[in-house]
Amino acid sequence: MNEFSQFRQEYSGQPIDIQQMTADPFTQFRVWLDEAFAVNIKEPNAMTLATADEHGRPSCRVVLLKEFNNNGFTFFTNYSSRKGREISINPHVSLLFFWFQQQRQIRIDGTAEKTREDESDRYFQSRPIRSQIAAIVSSQSSVIASREILDSAFEAQLDRCNSSEIKRPQHWGGYRVIPETFEFWQGQADRLHDRIRYRLDNEVWVKERLSP
Ligand SMILES: Cc1cc2nc3c(=O)[nH]c(=O)nc-3n(C[C@H](O)[C@H](O)[C@H](O)COP(=O)(O)O)c2cc1C
């Protein structure tokens, strides 16, 4: 017996009627996000972000969605990190939300661009001071010799901070992902899942059903 066969799940979501899906995918995302909140999914705003380097070699990691509206999906990070370097070379990215309890996933493909400085400043100032300091001292994705080096840099920076506002470091800020396609996936019985894709056609969102 395969070691994973004992974990096999049967899916049985509410069937999706494509006509019931909203005309624009941002509204539909809001409907599903609210439903995820309603069933108390922990951090439903955690999303996998896939990027690719100049050779098309992909990498992915989880980041937190901090804002979304019809202009896009915003997260914050270190611009010099691996993801930041890859986005600067190749802005095409993919986002994935997976909400196991609801047997749902949402994929959003699009392009990432930096948020405006004032938007990044505003979000940076809303973070706890210790998180602000972590953003200053972490050279995200670079090799460090030890945990102790990181901790002492953090403590030293903490000592230097007085009660005045901490300035956002230039290497840290937001990206907004501007979607080109959305795919809403709902698990169904017998692996005959529902998949509804939205794609832009002459600035109009077209809804289509995909084979599972
Ligand atoms: C639940 C969760 C939330 C995370 N949120 C963020 C985030 O919002 N921003 C961020 O830079 N990293 C976040 N991380 C860490 C990233 O997954 C990743 O380790 C880090 O950004 C470095 O990625 P990179 O080397 O691919 O650039 C999160 C990790 C987890 C597991």
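Quick notes on the rules
Residues numbered from 1 in each chain as written. Predicted model: local features only at pLDDT ≥ 70, side-chain atom pairs only at ≥ 80, totals over all residues. Heavy atoms only, no water. Helix = DSSP H or I, 4+ residues; strand = E, 2+ residues; numbered from the N terminus. Buried < 20%, exposed > 50% of the residue type's maximum accessible area, 1.4 Å probe, protein only. Contact = heavy atoms within 4.5 Å. Areas by Shrake-Rupley, 256 points an atom, 1.4 Å probe, with all protein chains shown as cover. Lys, Arg positive; Asp, Glu negative; His and termini not counted. Charge placed at Lys NZ, Arg CZ, Asp CG, Glu CD. Near = heavy atom within 4 Å. Polar contact = N/O pair within 3.5 Å; in protein donor to acceptor, adjacent residues only side chain to side chain. Phe/Tyr/Trp six-rings, centres within 6.5 Å; stacked < 30°, edge-to-face > 60°.

### Quick word on the overall build of the protein
Here is step 1 of the chain: Each helix and strand in the protein was counted, giving five helices and nine strands.
Here is step 2 of the chain: Reading the secondary structure of the protein in the N-to-C direction produces α-β-β-β-β-α-β-β-α-α-α-β-β-β.
Here is step 3 of the chain: Once the C-alpha set of the protein is aligned to its principal axes, its extents read approximately 60 × 50 × 40 Å.
Here is step 4 of the chain: For the protein, the residues scored as buried account for 39% of the 212 residues in total.
Here is step 5 of the chain: Sequence-distant contacts, at least 24 apart, represent 65% of the contacts inside the protein between residues at least 6 apart.
Here is step 6 of the chain: Only carbon and sulfur atoms are counted for the fraction: they give 50% of the accessible area of the protein, which is about 12600 Å².
Here is step 7 of the chain: In the protein, 27 positive and 29 negative side-chain charges are present, and the distance between their average locations comes to 2 Å.

### Looking at the site of the ligand
Here is step 1 of the chain: Taken together, Glu 43, Arg 61, Val 62, Val 63, Leu 64, Phe 76, Thr 77, Ser 81, Arg 82, Lys 83, Gln 140 and Ser 141 form the complete shell of residues around the ligand.
Here is step 2 of the chain: Here Leu 64 contributes a backbone N or O atom positioned 3.0 Å from an oxygen atom of the ligand.
Here is step 3 of the chain: One of the side-chain nitrogen or oxygen atoms of Gln 140 is found 3.0 Å away from an oxygen atom of the ligand.
Here is step 4 of the chain: For the shell around the ligand, the secondary-structure elements that each account for two or more residues are strand E2 (58–64), strand E4 (72–78) and helix H2 (82–89).

### Regarding the packing of aromatic side chains
Here is step 1 of the chain: Throughout the structure, instances matching the rule amount to 22 aromatic pairs.
Here is step 2 of the chain: Between Phe 26 and Trp 205 the ring centres are 6.2 Å apart and the planes differ by 80°, which places this aromatic pair in the edge-to-face class. Taken as a pair, Phe 26 in helix H1 (residues 25–38) and Trp 205 in strand E9 (residues 204–209) lie far apart in primary sequence, 179 residues in all. As far as the burial class goes, Phe 26 and Trp 205 line up, both buried.
Here is step 3 of the chain: Summarising the aromatic geometry, the rings of Phe 76 and Trp 172 are spaced 5.6 Å apart at their centres and angled 10° between planes, so their arrangement reads as stacked. Of this pair, Phe 76 sits in strand E4 while Trp 172 sits in strand E7 (residues 172–186), and the two are 96 residues apart along the sequence.
Here is step 4 of the chain: On the accessibility criterion, Trp 172 (6% relative accessible area) is buried.

### Quick word on the environment of Gly 173
Here is step 1 of the chain: Tracing the chain through its elements places Gly 173 in strand E7.
Here is step 2 of the chain: Residue classification places Gly 173 among the buried residues on the basis of a relative accessible area of 0%.
Here is step 3 of the chain: Between the C-alpha atom of Gly 173 and that of Glu 117, which follows or precedes it by 56 residues, the distance is 7.6 Å.
Here is step 4 of the chain: Discounting residues that sit within four places of it in the chain, Gly 173 has contacts with Phe 75, Phe 76, Thr 77, Tyr 79, Ser 120 and Arg 168.

### Remarks on unusual backbone geometry
Here is step 1 of the chain: Within the chain, Asn 40 stands out as a residue other than glycine whose phi angle is a positive 60°.
Here is step 2 of the chain: Mapped onto the fold, Asn 40 is located in the loop between H1 and strand E1 (46–52).

All we've got here are geometric facts, nothing functional implied.
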